[in-house]
Amino acid sequence: MALRRPSFLPSLDQLEQQAQDRSAQGARKGSQFDHPTAKYLFMVMLVVTVVAHVVAGIVFLVMGH
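Keep in mind it's a predicted model, so treat the numbers as computed, not measured.

Below, the discussion takes up the overall build of the chain. Along the chain, the regular secondary structure elements total two helices and zero strands. Sorting the 65 residues of the chain into buried and exposed places 0% on the buried side. For the chain, the computed accessible surface area is about 6500 Å², with 66% contributed by carbon and sulfur atoms.

This is the structure:
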């Protein structure tokens, strides 16, 4: 007995067409990120890193190292 694909899921042909459409578009000119979530995650990690370095620098100045 074969399992049937639920009707709300796209077919493999539709998924393949969507993937081809996305790859044909490419990223915006000047953009290094294909996915918006990757861009936001990069920005958050960059901010966290800079803040951590600033805080550590202040702590070391106060401690006299």
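This part is about the UniProt feature "transmembrane region" (unreviewed entry) in the chain. This chain's UniProt record puts "transmembrane region" (unreviewed entry) on residues 40–63. Across residues 40–63, helical content stands at 100% and strand content at 0%; the span's end C-alpha atoms are separated by 35 Å.

With 28 residues, helix 2 (residues 36–63) extends 41 Å from end C-alpha to end C-alpha; this agrees with the ideal 40 Å at 1.5 Å per step. A positive backbone phi angle near 85 degrees is found at Gly-64, which sits one or two residues after helix 2.

What follows is about the environment of Arg-22. Structurally, Arg-22 can be placed in helix 1 (residues 12–25). Through-space distance from the C-alpha of Arg-22 to that of Asp-34 is 9.8 Å; in sequence the pair is twelve residues apart.

Taken together, the side chains of Phe-42, Met-43, Leu-46, Val-50, Val-54, Ile-58 and Val-62 define a hydrophobic patch exposed on the protein surface, amounting to about 660 Å² of accessible area. In this fold, Val-54 is placed in helix 2.

Below, the discussion takes up the environment of Ser-23. Relative to the assigned elements, Ser-23 resides in helix 1. For Ser-23, a relative accessible area of 58% gives the class exposed. Residues Ser-23 and Asp-34, eleven residues apart in the sequence, show an inter-C-alpha distance of 9.8 Å.

The rules behind these values
Residues numbered from 1 in each chain as written. Predicted model: local features only at pLDDT ≥ 70, side-chain atom pairs only at ≥ 80, totals over all residues. Heavy atoms only, no water. Helix = DSSP H or I, 4+ residues; strand = E, 2+ residues; numbered from the N terminus. Buried < 20%, exposed > 50% of the residue type's maximum accessible area, 1.4 Å probe, protein only. Areas by Shrake-Rupley, 256 points an atom, 1.4 Å probe, with all protein chains shown as cover. UniProt positions renumbered as here; feature names shortened; annotations may be inferred. Expected span 1.5 Å × (residues − 1). Patch = residues over 30% accessible without salt bridge, like charges linked within 9 Å, V, L, I, M, F, W, Y side chains within 5 Å. Salt bridge = Lys/Arg side-chain N within 4 Å of Asp/Glu carboxyl O.

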